[in-house]
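# Fold and geometry: a report
One-letter residues, chain by chain:
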Amino acid sequence: DADVWLYDVASGVAVIGDLVTLPAPFFETACPTEWRAALDDVWAVPFQTAIPGHGGPMDRAAFDTYRRAFNGFMDCVEGESGAAQCAAGWGEGIAPLIGSDDRMRRMALEYAEYYVGMLRENGGKSAECLAAPPQYWTYGAGLPAGRDPPPAGIPRWLPGSRPRRRRSSVHRSR
């Protein structure tokens, strides 16, 4: 439920980590609505190369292929199509990214079909997403009532800084 990605303006590189994983998105801890928004946030920056967590570097067209496949898969999960049909749509969507690798295609279809059931059982999210609502951390005047402090090593926000939600975010280098 919290991916961090980086965009370096000077080089045009977006390091996007597990926002892009092949042969399939790993939904075990995912909040797909947030994931969709994060993919759109990445798309909105003028990167030239994206470095995913799994798979080789991607140009804008390859990233958009993944983003469209992800959105199509989630639309299918949210609809009434069968799991096999959603998996087939995923496989077709990412076909340009995996090429003729039959093993990768089989894995993609198996993962996708599994995830359709898992996501539908949990209202379109992972069980962890349901169990862990987003946390807002504000610092300077102390923590809001009922909020846990950040993990060790995470710096506190300066007084007067706006709350930041633990979700995908952009950090631009200067």
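Everything that follows concerns the structure shown earlier in this document.
Summarised in this report is the structure supplied together with it. (Residues numbered from 1 in each chain as written. Predicted model: local features only at pLDDT ≥ 70, side-chain atom pairs only at ≥ 80, totals over all residues. Heavy atoms only, no water.)

The geometry of helix H3 (residues 83-98) relative to helix H4 (residues 102-121) is characterised by a closest axis approach of 8 Å and an angle of 140 degrees between their N-to-C directions. It follows that H3 is oblique to H4 by the angle criterion. For the element pair H3 and H4, the recorded crossing hand is right-handed. On H4, the residues touching Ala83, Ala84, Cys86, Ala87, Ala88, Trp90, Gly91, Glu92, Ile94 and Ile98 of H3 are Met104, Arg105, Ala108, Leu109, Ala112, Glu113, Val116 and Arg120. Residue classes in the contact of H3 with H4 are distributed as 13 nonpolar, one polar and four charged. (Axes fitted to C-alpha atoms, helices over the stretch in contact; angles between N-to-C directions. Helix = DSSP H or I, 4+ residues; strand = E, 2+ residues; numbered from the N terminus. Parallel < 35°, antiparallel > 145°, perpendicular 65-115°, else oblique. Left-handed = near helix turned anticlockwise from the far one by under 90°. Contact = heavy atoms within 4.5 Å. Nonpolar A, V, L, I, M, F, W, Y, C, P; charged D, E, K, R; others polar.)

The next point concerns the environment of Ala69. Within the secondary structure layout, Ala69 lies in helix H2 (residues 60-78). Overall, the relative accessible area of 8% leaves Ala69 in the buried class. It is 8.4 Å that separates the C-alpha atoms of Ala69 and Gly91, two residues lying 22 residues apart in sequence. Among all residues touching Ala69, those that are not within four sequence positions of it are Trp90, Gly93 and Ile94. (Buried < 20%, exposed > 50% of the residue type's maximum accessible area, 1.4 Å probe, protein only.)

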